[in-house]
Amino acid sequence: MVTTPTHPAHPLGLALHHIDHGYAIGGTDTPVLDDISLTIAPGEFVALLGPSGCGKSTLLRLIAGLEPPRAGTILAEGTPITGPGPDRIVMFQDPTLYPWRTVRGNVALGHDIAGRKDPASVDAAIELVGLKGFERAWPHQLSGGMAQRAALARALVNDPRLLILDEPLGKLDSLTRLTMQTELQRLWRDRGFTAIMVTHDVEEALLLATRIIVFSPRPARIIGDLPIDLPPHRHRDDPRLLDLRKNILTQLGHSADW
Amino acid sequence: MSAGAIRAGRIAARLGRPLGTLCGLGLLWWGIVRLGGVPSYLLPPPDSVARALWAQRGLLAGAAGTTLLETVLGLLLGTMGGGALALLMMASAPVRRWMMPLVLLSQAVPVFALAPLLVLWFGFGIASKVVMAVLVIFFPITSSFFDGLRRTPPGWLDLARSMDARPGLVLLRLRLPAALPALASGLRVAAAIAPLGAVVGEWVGASSGLGFLMQTANTRFETDLMFAALLVLATMTVLLWWGVDRALARMLYWVPDDQPN
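Keep in mind that this is a model prediction, so the values were computed, not measured. (Residues numbered from 1 in each chain as written. Chains lettered and ligands numbered in written order. Predicted model: local features only at pLDDT ≥ 70, side-chain atom pairs only at ≥ 80, totals over all residues. Heavy atoms only, no water.)

The next subject is helix α4 (residues 119–128) of chain A. All names here are of chain A. Of the positions making up α4, those classed as buried are V122, A125, I126 and L128. Seen end-on, α4 carries its buried residues on one side only, within an arc spanning 160°. Here the buried face of α4 lies against α2 (103–107), α3 (109–114), α5 (144–156) and α6 (174–191). One or two residues past the end of α4 sits G130, with phi positive at roughly 80°. (Buried < 20%, exposed > 50% of the residue type's maximum accessible area, 1.4 Å probe, protein only. Helix = DSSP H or I, 4+ residues; strand = E, 2+ residues; numbered from the N terminus. Arc of directions from axis to C-beta. Contact = heavy atoms within 4.5 Å.)

What follows is the structure, given as structure tokens:
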């Protein structure tokens, strides 16, 4: 295992006040988020759980600053978010690697955009996610798992204070997914950033998060807020996790399915 | 069988099929002329075309050289001009609104009707033919590249925006490379039709080139030479297209779908 470079941890804290949002879909206005208020402490790992299409990903887009909310404010350390910022880095469901850039070029994207040159940190990030030796590979030569690792390295090289994870492991095969979950947790522990992750996978949320927010179907409202007071090294068969799982599935309306 | 032999066999098969079609057509042609008693000033038999091809090889090569030069210059200038205009239209809404009708007009006005005017303006030399070639390819280049620039996948744009990239950077470092495959398909079309522009320009008024040669041969009833020039033009166009196609495939090696088939 590669030793993680030590970074001064300045995880970002967030406060969301009464967020409303919606989209005009086919001429009719569709509300997506309904009065979301939420405070996230620096260094938390928050999982957003809810039925598919309920608006969780939209919430992430607002936090990333990709679009402004219709109503309400999002504060990062007391300052309103008005656009994207280098301290908040998004990891998307698709790796979104630019096919004309090598792995190295893709990982260096944040540096290139900021007009900065720091090849050492690019190399360190590539090594950190286990892609050493693939620096010069092209995206179409990578497997799904490797591509998502490259995307993770691209996020980490920017030293994010908040990592926004939009279901980044959703399309991986189940074995790769287990490995990546462990890696993600290790990185969060070592780097000390705040993490917000959208997922459909209750088990993934239970394994990684320090807190799980449960959403209703669209328009999304918060219907549950569960702290997971368990040590970071969790076993998938821990009976306490099974209890929490049952609790969450009940909130999601699947009381019989666990 | 070794990989090399398989590859050689595949290439032979690929060349063999069109060659077979050509031979069959040649045979049909020969049969119609010989059995139908068509006079050779109307349709010369293939063997007399072949004789003309060999006898006038110097003349044909010189003419082909002129036409090729006009075509290649037209391709280069048309690609640079069309590419620059597409980028400008993407970067600025006023440019887009003012120039888009003009781009459409360059396609809507029959360029061939402009040929006499262009010869009048740019003379009997190669300049008027280069301008013809540029006009013929301008629309496919500009519209395909502009379409490519506009259709950057939203996820790619989100990524750049989430890293706070300025619009200029998004255009040059994201939209531009993402649009290169679209530009490449425009270029392939352009390579196939650019010789047409040059030849039409030569028909109207020139002192050399394949179009000029065909025109003179036609008026002298040297139909076999005319056919030979046509054959050279067709071969040149196919080779030009093939060269452009290979060069593009080599430059866009990162495009996953760009497999030769």
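Next up on the list: the domain arrangement of chain B. All names here are of chain B. When cut into domains, chain B gives domain 1 (1–37) and domain 2 (44–251). Put simply, the middle of domain 1 and the middle of domain 2, counted by C-alpha atoms, are 29 Å apart. Taken together, the 5 residues of domain 1 in the interface contact 6 residues of domain 2. A buried area of about 440 Å², summed over both sides, lies between domain 1 and domain 2, and 72% of it is on carbon and sulfur atoms. Contact with domain 2 buries area across many residues of domain 1, yet W29, W30 and R34 alone supply 79% of it, more than any other trio. Taken together, domain 1 and domain 2 are joined by 1 salt bridge. Across the pair R34 and D47 runs a salt bridge whose closest N-O atoms are separated by 3.7 Å. Summed over the shared surface of domain 1 and domain 2, the number is 1 residue pair in polar contact (both at pLDDT 80 or more). (Domains from an automatic or database assignment. Buried area = accessible area lost by both parts, 1.4 Å probe. Salt bridge = Lys/Arg side-chain N within 4 Å of Asp/Glu carboxyl O. Polar contact = N/O pair within 3.5 Å; in protein donor to acceptor, adjacent residues only side chain to side chain.)

This brings us to the interface of chain B and chain A. Across the contact, 18 residues belong to chain B and 22 residues belong to chain A. For the pair chain B and chain A, the interface holds 2 salt bridges. In this assembly, chain B and chain A are joined by 4 residue pairs in polar contact (both at pLDDT 80 or more). When residues in the side of chain B that touches chain A are grouped by element, the largest group, 7 residues, is from helix α7 (residues 154–162) of chain B. Its residues assigned to classes, the side of chain B that touches chain A shows 12 nonpolar, 2 polar and 4 charged. (Nonpolar A, V, L, I, M, F, W, Y, C, P; charged D, E, K, R; others polar.)

Residue and element names in this part refer to chain B. Residues given the UniProt feature "transmembrane region" (unreviewed entry) here are residues 63–90, 102–124, 130–149, 193–213 and 225–244. Between the first and last C-alpha atoms of residues 102–124 the distance is 27 Å; the span itself is 83% helix and 0% strand. Taken as a whole, residues 193–213 contains 76% helix and 0% strand, while its terminal C-alpha atoms sit 19 Å from one another. (UniProt positions renumbered as here; feature names shortened; annotations may be inferred.)

Residues and elements named next belong to chain B. Where helix α6 (residues 126–150) contacts helix α8 (residues 167–204), the two axes come as close as 7 Å, and the packing angle between them is 160°. Comparing the axis directions of α6 and α8 gives the class roughly antiparallel. Judged by the twist between their axes, the crossing of α6 over α8 is right-handed. (Axes fitted to C-alpha atoms, helices over the stretch in contact; angles between N-to-C directions. Parallel < 35°, antiparallel > 145°, perpendicular 65-115°, else oblique. Left-handed = near helix turned anticlockwise from the far one by under 90°.)

Within this structure, the stated rule accounts for 24 salt bridges over all chains. A salt bridge links D164(B) to R166(B), with the shortest nitrogen-to-oxygen separation between them at 3.2 Å. Owing to a relative accessible area of 28%, D164(B) belongs among the partly exposed residues under this scheme. Using a relative accessible area of 53% as the deciding quantity, one classes R166(B) as exposed. Connected through salt bridges with shared partners, the residues E44(A), R211(A) and D225(A) form a single ionic network.

Let's shift gears to the packing of aromatic side chains. With the rule as written, the count across this model stands at 8 aromatic pairs over all chains. Ring centres of W100(A) and W254(B) lie 5.6 Å apart, and the angle between their planes is 65°; on these two criteria the pair is classed as edge-to-face. Of this pair, W100(A) sits in the loop between β6 (88–91) and α2 while W254(B) sits in the segment after α10 (223–251), placing the two residues on different chains. Accessibility expressed as a relative area gives 14% for W100(A), which makes it buried. By relative accessible area, which is 8% here, W254(B) ends up buried. Aromatic pair W138(A) and Y253(B): ring centres 4.9 Å apart, planes at 65°, arrangement edge-to-face. With one member in each of two chains, W138(A) in the loop between α4 and α5 and Y253(B) in the segment after α10 form a pair that bridges those chains. W138(A) sits in the buried class, given a relative accessible area of 18%. Y253(B) gets classed as partly exposed once you look at its relative accessible area, which sits at 46%. Through a chain of ring-to-ring contacts, three or more aromatic side chains come together here, namely Y98(A), W100(A), W156(B) and W254(B). Across from the ring centre of W54(B), 4.1 Å away, lies the NZ or CZ of R57(B), which sits over that ring. (Phe/Tyr/Trp six-rings, centres within 6.5 Å; stacked < 30°, edge-to-face > 60°. Lys NZ or Arg CZ within 6 Å of the ring centre and 35° of its normal.)

Looking now at the UniProt feature "domain: ABC transporter" (unreviewed entry) in chain A. Feature annotation in UniProt places "domain: ABC transporter" (unreviewed entry) on residues 16–242 of chain A, given in this structure's numbering. A distance of 30 Å separates the end C-alpha atoms of residues 16–242 of chain A, which is 32% helix and 27% strand.

If you check UniProt for "domain: ABC transmembrane type-1" (unreviewed entry), the listed places come out as residues 64–244 of chain B in our numbering. Structurally, residues 64–244 of chain B is divided into 88% helix and 0% strand, and its ends, taken at the C-alpha atoms, are 18 Å apart.

With that out of the way, let us pick up the confidence of the model for chain B. If pLDDT is low for a region, its predicted coordinates should not be looked at in detail. In the predicted model, chain B carries a mean pLDDT of 89, and 98% of its residues have values of at least 70. Taken together, the chains of this predicted complex give a pTM of 0.84 and an interface ipTM of 0.87. (pLDDT = per-residue confidence, 0-100.)

Here the focus is the sheet that holds strand β7 (residues 162–166) of chain A. Working definition: the strands of a sheet are paired by backbone hydrogen bonds and lie parallel or antiparallel to each other. All names here are of chain A. Reading across from one edge, β6-β7-β8-β3-β9-β10 is the order of the 6 strands in this open sheet, with mixed pairing throughout. The open sheet has two edge strands, β6 and β10 (222–227), and neither has a second partner. On average, each strand axis in the sheet is inclined to that of its neighbour by 15°, with strand direction left out of account. As judged from the 5 bridges shared by strand β3 (residues 45–49) and strand β8 (residues 194–199), these two strands associate in the parallel manner. Each bridged residue has a counterpart across the sheet, and for A47 the counterpart in β8 is M197. Helix-sheet contacts for helix α8 (residues 239–251) involve β3, β9 (211–215) and β10, and the interaxial angle to β10 is about 170°. (Pairing = 2+ DSSP bridges.)

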